[in-house]
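# Structural characterization, general
The residues making up each chain are set out below.
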Amino acid sequence: MEMSEDDNNMEEYPTEIHEYLAAFEKSLGSVDEMLKTMMSVSRSELLQKLDPLEQAKLDLVSVYTLNSMFWVYLATQGINPKEHPVKQELERIRTYMNKVKEITDKKKASKLDKGAAARFVKNALWEPNAENEHTSKTPAKGKKRQKD
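Quick caveat: nothing in here was measured; it's all calculated off a predicted structure.

### Things to note about the overall build of the protein
The helix and strand inventory of the protein stands at six helices and zero strands. Helices and strands appear in the protein in the N-to-C order α-α-α-α-α-α. The 148 residues of the protein split such that 8% are buried. In the protein, of all internal contacts separated by at least 6 residues, the share reaching a separation of at least 24 is 47%.

Printed below as a string of structure tokens:
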């Protein structure tokens, strides 16, 4: 009996899009599993484990996902989402996502810059012992250059 239901479903849409629909169904299953995982932990419990920046990222990803799903829903109902307020909401969320990304990048860059600056300064400082070794090596290099 399942075969006949599948056969009937196959007749309802062009066979060319069967692979796309199967991939879409698989993606929906993944989204469903992810939502179940997120919903299994209370929001307050989850937020306690995250620093404020991570909390902001979680909130932004959640609201962006919901609005994206609403976008798809509108499209399935024959409503052009580009002409719906959800488009402005997605743009607003993207703006905040970019701000959080900038903060994260600045945080990473400052950590990297401090280390690089410390190494640069350490290597650039004059050390008497290093200078003596350097001067003893310099004539050898000069002799080699003269022989060539």
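### So, the pattern of salt bridges
In total, this model carries seven salt bridges according to the counting rule given. Of the charged contacts in the structure, one is a salt bridge between R43 and D59, with a shortest N-O distance of 2.7 Å. Placement of the pair is R43 in helix 3 (residues 43-48) and D59 in helix 4 (residues 52-76), with a sequence separation of 16 residues. A relative accessible area of 48% means that R43 is categorised as partly exposed. Between D105 and K101 there is a salt bridge, with the nearest N and O atoms lying 3.1 Å from each other. Of this pair, D105 and K101 are both found in helix 5 (residues 85-124), four residues apart, which corresponds to roughly one turn of the helix. Among the residues examined, K101 registers a relative accessible area of 48% and is labelled partly exposed.

### Some thoughts on a nonpolar patch on the surface
Among the surface-exposed residues, V31, M34, L35, M38, M39 and M69 lie close enough to one another that they form a single nonpolar patch of about 560 Å² accessible area. Top element by residues in the nonpolar patch is helix 2 (residues 18-40). It accounts for five residues. Looking at the element boundaries, V31 is found in helix 2. For V31, a relative accessible area of 32% translates into the label partly exposed.

### Side note on helix 4
Taking 1.5 Å per residue as the helical rise, helix 4 with its 25 residues ought to reach 36 Å, and the 36 Å between its terminal C-alpha atoms agrees with that figure. Of the positions making up helix 4, those classed as buried are L53, L58, L60, N67 and L74. Two or three places before L53, at the start of helix 4, stands the capping residue D51, its side-chain oxygen 3.0 Å from that residue's backbone nitrogen. Immediately beyond the C-terminal end of helix 4, within one or two residues, lies G78, with a positive phi of roughly 80°.

### Regarding the side chain of N67
As for its position among the elements, N67 is in helix 4. Every residue in contact with N67, bar those within four places of it in the chain, is listed here: V86, E89, L90 and I93.

### Details of the confidence of the model for the protein
Within the protein, residue pLDDT values average 80, and 74% of them lie at 70 or more. The element-level mean pLDDT for the protein is lowest in helix 6 (residues 128-147), coming to 52, with helix 4 highest at 93. Low confidence marks residues 136-144, where pLDDT is under 50. Its contacts with residues over four positions away, or in another chain, come to zero contacts.

Basis of the calculations
What you see as residue numbers is a count from 1 along each chain, following the sequence as written. Where local features are concerned, this predicted model is filtered to residues with pLDDT of at least 70; where side-chain atom pairs are given and counted, the filter is 80 or more; whole-chain, interface and lining totals use all residues. Side-chain measures were taken over the full set of non-hydrogen atoms in the model, leaving aside hydrogen atoms and water. Labels follow the DSSP assignment, with helices taken as runs of H or I lasting at least four residues and strands as runs of E lasting at least two, numbered in each case from the N terminus. Per-residue accessibility, obtained with a 1.4 Å probe over protein chains only, is compared with the maximum for each type, and a residue is labelled buried under 20%, exposed over 50%, and partly exposed between these values. Here, residues are in contact when the closest pair of their heavy atoms is within 4.5 Å. Salt bridge, as applied in this entry: a Lys or Arg side-chain nitrogen positioned within 4 Å of an Asp or Glu carboxyl oxygen. Here the term patch refers to residues with relative accessible area over 30% and no salt bridge, with like charges joined within 9 Å and nonpolar side chains (Val, Leu, Ile, Met, Phe, Trp, Tyr) within 5 Å. For accessible areas, the Shrake-Rupley method is used with a probe of radius 1.4 Å. Any residue's cover is judged against the shown protein chains and nothing else. In this scheme, a helix's expected span is set at 1.5 Å multiplied by one less than its residue total. Pairs of N or O atoms are called polar contacts if they sit within 3.5 Å, as long as, within protein, a hydrogen donor faces a hydrogen acceptor (for residues adjacent in sequence, only side-chain-to-side-chain pairs). pLDDT: the predictor's confidence for each residue, scored from 0 to 100.

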